[in-house]
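The lines below spell out each chain.
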Amino acid sequence: MTHISRLSRRAFTAGALTTAASTAVLGKGALAQVAETPESPIGPFYPSSYRGETDADFTRLAGHAERAAGQVIEVMGRVLDARGNPIVGAQLDIWQANTHGRYAHPQDPAVMPLDPHFQGFGRITTGSDGSWHLTTVKPGSYDSPIGWRTPHIHMDVTGVDSRKIVQMYFPEDEKMNARDELLRALGGAAPASVASALGDHRYKWDIVLIES
Ligand SMILES: [Fe+2]
């Protein structure tokens, strides 16, 4: 992967504020059986200059005795095609705010504290069953130049021949989710962006790409 090619594709995708709600249900294939995960704008805080750890545990950093602040959560799921088949080797670039609602990003104007023990970015490749698993802390809500945001996790998902920027939301945040303009803009497709609670601070969220 070259940073240049990925960044140029990223910029293209970021400019295409998608009509997710209108395309989310069936996608391209008449045989589609699962709802396509709605696309979201990439937002201003993609950590393009990130140089730290990129593993699947955002709560622990090498050399740090202290764990990240906040509620530790487990998020897991699969990357699927529209027929429900697992996509093996899909890449998920994941980024999120810390428990205080602050991104470790120079463009974040928030005055909430940074957390030196929190890994705000990671990269996961799906296994033979399309599965992925992330250990992190629940992100805080935040105010941003584009409006107030309910807690969410950003993901840039690359399958075999498709790629999508998505955001995952939390089922227990029903009232906050209802106030979030980006989530509301998804209309009838919004539920496909909300994870399922498995209990004990664990969540499940399948991501559905439309592959040709
Ligand atoms: Fe965000």
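Residues numbered from 1 in each chain as written. Predicted model: local features only at pLDDT ≥ 70, side-chain atom pairs only at ≥ 80, totals over all residues. Heavy atoms only, no water.

K.L.:
Account for the packing of aromatic side chains, with residues named and values stated.
P.N.:
Evaluated as defined, the whole model comprises eight aromatic pairs. Consider the rings of Phe58 and Phe118, whose centres lie 6.1 Å apart with planes at 75°: the pair is edge-to-face. Of this pair, Phe58 sits in the loop between α2 (20–23) and β1 (72–80) while Phe118 sits in the loop between β2 (91–95) and β3 (121–125), and the two are 60 residues apart along the sequence. The buried category is assigned to Phe58, whose relative accessible area is 1%. A connected cluster of aromatic rings, assembled from ring pairs, spans Tyr46, Tyr50, Trp95 and Phe121. Sitting over the ring of Phe170, Lys138 keeps its end group 4.9 Å from the ring centre. (Phe/Tyr/Trp six-rings, centres within 6.5 Å; stacked < 30°, edge-to-face > 60°. Helix = DSSP H or I, 4+ residues; strand = E, 2+ residues; numbered from the N terminus. Buried < 20%, exposed > 50% of the residue type's maximum accessible area, 1.4 Å probe, protein only. Lys NZ or Arg CZ within 6 Å of the ring centre and 35° of its normal.)

K.L.:
An account of the side chain of Asp108 is requested, with residue identities and associated values reported.
P.N.:
Note on placement: Asp108 falls in the loop between β2 and β3. Given the relative accessible area of 7%, Asp108 is considered buried. Within the structure, the side chain of Asp108 is placed 2.7 Å from the backbone nitrogen of Tyr103, a separation counted as a polar contact. Those residues in contact with Asp108, other than ones at most four positions away along the chain, are Phe45, Gly101, Arg102 and Tyr103. (Polar contact = N/O pair within 3.5 Å; in protein donor to acceptor, adjacent residues only side chain to side chain. Contact = heavy atoms within 4.5 Å.)

K.L.:
Please give an account of the side chain of Lys138 that cites residues and values.
P.N.:
With respect to the helices and strands, the residue Lys138 is situated in the loop between β4 (131–137) and β5 (152–158). Lys138 sits in the buried class, given a relative accessible area of 17%. Among the polar contacts listed, one links the side chain of Lys138 to the side chain of Glu172, at a separation of 2.8 Å. If we ignore the near neighbours within four places in the chain, the residues touching Lys138 are Gln71, Ile73, Gln96, Thr99, Pro151, Phe170, Glu172 and Asp173.

K.L.:
Residue-level account of the coordination of the iron ion, with values.
P.N.:
Surrounding the iron ion are the protein donor atoms Tyr103 (OH), Tyr142 (OH), His152 (NE2) and His154 (NE2), which sit 1.9 to 2.1 Å from the metal. Every donor residue of the iron ion comes from the same chain, spaced as Y-x38-Y-x9-H-x1-H. Of the two residues, Tyr103 sits in the loop between β2 and β3 while His152 sits in strand β5, which places them 49 residues apart along the sequence. Exposure remark for Tyr103: the relative accessible area of 2% places this residue in the buried category. (Donors = N, O, S within 2.8 Å, 3.2 Å for Na, K, Ca; no water.)

K.L.:
Just give me the short version of the pattern of salt bridges, but keep the residues and values in it.
P.N.:
Tallying each qualifying case throughout the model produces 10 salt bridges. Ionic pairing is found between Asp173 and Lys138, a salt bridge with its closest N-O pair at 2.9 Å. Taken together, the residues Asp173 in the loop between β6 (163–169) and α3 (174–179) and Lys138 in the loop between β4 and β5 connect sequence positions 35 residues apart. Grouping residues by exposure puts Asp173 and Lys138 together as buried. Across the pair Arg163 and Asp156 runs a salt bridge whose closest N-O atoms are separated by 2.8 Å. Residue Arg163 is classed as buried on the basis of its relative accessible area of 18%. Residue classification places Asp156 among the buried positions, given a relative accessible area of 0%. (Salt bridge = Lys/Arg side-chain N within 4 Å of Asp/Glu carboxyl O.)

Keep in mind that these numbers describe shape and distance, not what the molecule does.
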